[in-house]
Amino acid sequence: MTSKEMEERSGVARANIRYYEAEGLLSPRRAKNGYRDYREEDLLALEKIKLLRRLGVTVEELRALCSGSEALPAVLERRLTELGKERQTLRRVEEVCGAMRNESFETLDAERYLQALDAPEEGPEVPDLPEEDALPTVCSVPRRLLARLADFYLCVALFVLPAALCGVNMKAVEGGAFLTRLAAIALMALLEPLCLHAFAATPGKALMGLRITRADGTKLSWLEGFERFCSLHWDGLGLFLPIWHWVQLYRSGMRCSEGEPQPWDRRFAYRMKGSPLACGLAFAAAAGVFIGCDKLLSGIASLPPNRGALTVAEFAENYNRQADYLNVPVMRLDENGRFTREQDDNSVVINITDWEDTALDYTLQNGWITAVTYTGTGESRSGGLLELPRDTMMLLASAFLWAREDAPLLAEPRVAFLEEMAGRGMEDYTLSDCGVTVALDLEYTGYRALGEYLLLEEGEAGRAAFTFTMTLEE
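Anyway, here's the lowdown on the structure attached to this text. (Residues numbered from 1 in each chain as written. Predicted model: local features only at pLDDT ≥ 70, side-chain atom pairs only at ≥ 80, totals over all residues. Heavy atoms only, no water.)

### Looking at the overall build of the protein
Scanning the protein for helices and strands turns up 16 helices and 14 strands. Taken against the 2.2 N^0.38 rule, which gives 23 Å for 474 residues, the C-alpha radius of gyration of the protein at 36 Å runs more than 25% over that of a compact globule. Burial statistics for the protein: of 474 residues in total, 42% are counted as buried. The contacts in the protein between residues at least 6 apart in sequence include a share of 63% that link residues at least 24 apart. A total accessible area of about 24,800 Å² is found for the protein, and carbon and sulfur atoms account for 56% of it. Taking the 51 positively charged and 72 negatively charged side chains of the protein as two groups, their mean positions are separated by 10 Å. (Helix = DSSP H or I, 4+ residues; strand = E, 2+ residues; numbered from the N terminus. Rg over C-alpha atoms; globule rule 2.2 N^0.38 Å. Buried < 20%, exposed > 50% of the residue type's maximum accessible area, 1.4 Å probe, protein only. Contact = heavy atoms within 4.5 Å. Areas by Shrake-Rupley, 256 points an atom, 1.4 Å probe, with all protein chains shown as cover. Lys, Arg positive; Asp, Glu negative; His and termini not counted. Charge placed at Lys NZ, Arg CZ, Asp CG, Glu CD.)

### Examining the sheet that holds strand 13 (residues 453–456)
Read across the sheet, three strands follow the order 9-13-12 without closing on themselves; strand pairing throughout is antiparallel. Because the sheet does not close on itself, it has two edges, and the strands there are strand 9 (385–387) and strand 12 (447–450). Each strand of the sheet is rotated relative to its neighbour by a mean of 30 degrees, with strand direction disregarded. Pairing between strand 9 and strand 13: three bridges, direction antiparallel. When the sheet's bridge partners are listed, Glu387 is paired in strand 13 with Tyr453. (Pairing = 2+ DSSP bridges. Axes fitted to C-alpha atoms, helices over the stretch in contact; angles between N-to-C directions.)

### Remarks on a positive patch on the surface
Judged by side-chain charge, Arg211, Lys219, Arg271 and Lys273 come together as a positively charged surface patch. Topologically, Lys219 is positioned in the loop between strand 3 (210–214) and helix 11 (222–236). Overall, the relative accessible area of 36% leaves Lys219 in the partly exposed class. (Patch = residues over 30% accessible without salt bridge, like charges linked within 9 Å, V, L, I, M, F, W, Y side chains within 5 Å. Salt bridge = Lys/Arg side-chain N within 4 Å of Asp/Glu carboxyl O.)

### Details of the side chain of Asn318
Locating Asn318 in the fold gives a position in helix 14 (residues 312–326). On the basis of relative accessible area, Asn318 is assigned to the buried category, the value being 0%. A polar contact is formed between the side chain of Asn318 and the backbone nitrogen of Asn306, at a distance of 3.0 Å. Here Asn318 is in contact with Pro304, Pro305, Asn306, Leu310, Ala399 and Ala403, once residues within four sequence places are set aside. (Polar contact = N/O pair within 3.5 Å; in protein donor to acceptor, adjacent residues only side chain to side chain.)

### Some remarks on the nonpolar core
With 44 residues, the main nonpolar core has Phe315, Met421, Phe468 and Met470 as its most contacted residues. Among the elements that make up this core, the one with the highest residue count is helix 15 (residues 390–401) (eight residues). Excluding residues within four positions of it along the chain, Met421 makes contact with Met393, Met394, Ala397, Tyr429, Leu431, Val438 and Phe468. Counting 36 residues, the second largest nonpolar core, distinct from the first, contains Ile17, Leu43, Ile49 and Ala269. (Core = buried A, V, L, I, M, F, W, Y, C linked by side-chain atoms within 4.5 Å.)

### Observations concerning the sheet that holds strand 11 (residues 436–445)
With antiparallel pairing, the five strands of this open sheet are ordered in space as 7-8-14-11-10. Single-partner strands in this sheet number two, and they are strand 7 (355–365) and strand 10 (429–433). If you compare each strand with its neighbour and ignore which way they point, the axes differ by 10 degrees on average. Across 10 bridges, the pairing between strand 11 and strand 14 (residues 463–472) is antiparallel.

### Some words on a nonpolar patch on the surface
Together, Val141, Leu145, Leu149, Tyr153, Phe290 and Ile291 make up an exposed nonpolar region whose accessible area comes to about 530 Å². Contributions of two or more residues to the nonpolar patch are made by helix 8 (141–165) and helix 13 (276–301). With four residues, helix 8 is the single largest residue contributor to the nonpolar patch.

### A word on the environment of Leu83
Among the secondary structure elements, Leu83 is positioned in helix 5 (residues 72–84). By relative accessible area, which is 0% here, Leu83 ends up buried. Note: C-alpha distance between Leu83 and Glu94 (11 residues apart in sequence) is 6.3 Å.

### Quick word on the packing of aromatic side chains
Geometrically, a pair of aromatic rings is defined through the distance of the ring centres and the angle of the planes. In the structure shown here, the tally under the stated rule is nine aromatic pairs. Consider the rings of Tyr319 and Phe339, whose centres lie 6.5 Å apart with planes at 75 degrees: the pair is edge-to-face. A residue pair is termed long-range when its members are at least 10 positions apart, and Tyr319 in helix 14 and Phe339 in strand 6 (residues 339–340) qualify at 20 residues. Look at Phe339 and you get partly exposed, because its relative accessible area is 21%. Put simply, the rings of Tyr319, Phe339, Tyr374 and Phe466 pair up and form one aromatic cluster. (Phe/Tyr/Trp six-rings, centres within 6.5 Å; stacked < 30°, edge-to-face > 60°.)

### Considering the pairing of strand 13
Note that strand 12 and strand 13 share four bridges and pair antiparallel. What sits directly across from Tyr447, in strand 13, is Leu456. Counting the residues that bridge the hairpin from strand 12 to strand 13 gives two residues, and of these Gly451 lies at a positive phi of roughly 65 degrees.

### Brief notes about the pairing of strand 14
Taken together, the eight bridges between strand 8 (residues 368–378) and strand 14 define a ladder with antiparallel strand orientation. In the strand pairing of strand 14, Val372 is matched with Met470.

Rendered as structure tokens:
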């Protein structure tokens with residue numbers, strides 16, 4: 001029979017039944033689909049457990065009765081001694097225990113005595129099954145989901161931000177999203193059991209008012225937490241395997257809707273406190289702080305390594321670092337600030353421009369750069385369209401402007417300036433940011449402007465030249 005049928009026939013809540021299973025008093029079979037399959041023997045055993053627990057027999061004594069190390073008369077004699085001290089409130093329990101005194105555990109007719117306990121009669125109420133016999137579980141899908149998402153993205157940040165501060169932009173690395181997810185799961189496998197062992201909660205669970213302990217209220221060991229983590233990723237997430245992942249998610253949702261504990265929580269007490277509104281506000285506040293810190297640290301990580309006044313070598317280092325950080329396929333600069341095709345073995349450089357005679361010139365004062373000029377001439381070799389080397393211009397601007405001491409720490413305003421440069425299309429402009437004037441002067445013949453391109457007029461021999469200048473403002 002199923003858990004629901006067992007509950008209906010025995011009158012024992014599923015939470016209590018799970019508790020007795022965890023204590024080793026019941027051992028139902030498992031069907032092929034993993035669900036419990038109760039037999040009539042399990043029902044009879046549960047009725048005995050129900051009777052004796054309502055009479056005040058402890059779980060330890062029940063375990064001893066089941067193992068044969070204790071006899072029923074001896075257990076009941078002890079209980080009768082206790083009941084003698086509570087005679088006025090437990091009279092009915094005393095009568096039933098007295099009637100059962102000569103019974104043996106093996107031939108005990110539990111149903112007859114349960115009826116005697118439940119018979120309407122004046123006097124004090126007979127106690128129901130103790131509350132501690134039920135292992136609490138949390139079936140709130142929103143709380144559980146938000147708690148896990150909070151822990152996951154915290155581990156993502158613990159991996160991505162240190163990498164970014166070391167100059168590695170996981171968003172630009174090939175396969176970076178997969179590596180980040182894998183690293184976050186590995187961190188969770190280590191840190192989640194540690195948090196459960198130390199605090200009985202993870203940061204996400206604490207935010208949502210969730211706490212996990214053993215049945216007796218003690219904290220999980222690291223190994224128990226790790227086993228729980230592994231079971232969750234198989235029974236709940238299907239190891240993220242296609243199709244199986246969604247099947248397991250559906251099963252987990254159905255278990256929550258039916259009030260069933262998840263397979264990874266069956267041995268543990270999963271408690272919830274705090275109102276949904278309070279937990280939601282706490283989560284929103286923590287998310288706001290997290291996003292703010294993430295943006296700040298990401299902005300700092302995207303700044304070039306050299307700040308303030310720059311030498312040519314420092315500017316070249318800034319440019320190359322920005323090209324590597326953003327994974328832009330352009331030619332790098334040597335220590336003299338000149339374009340070079342000599343790259344590291346791991347670099348991938350593609351010359352995607354039609355411009356010729358490109359060059360960088362520097363204006364220096366006491367060895368410090370006060371102006372950078374990028375020039376080039378070109379003609380169309382790709383179906384009559386000519387495009388500015390915008391990637392190189394963006395990298396030059398980020399290497400120079402973002403090195404200024406008054407450059408914003410947040411990336412958004414800096415990126416907005418670069419987007420404004422790119423949005424000007426094929427027109428001249430003069431812009432100012434971070435104490436630097438940026439200007440583009442474009443001259444061409446035989447072409448006409450078409451959005452971000454120059455279109456070669458039919459029958460014309462087109463030539464074009466650009467001058468891109470960044471000058472420190474006095």
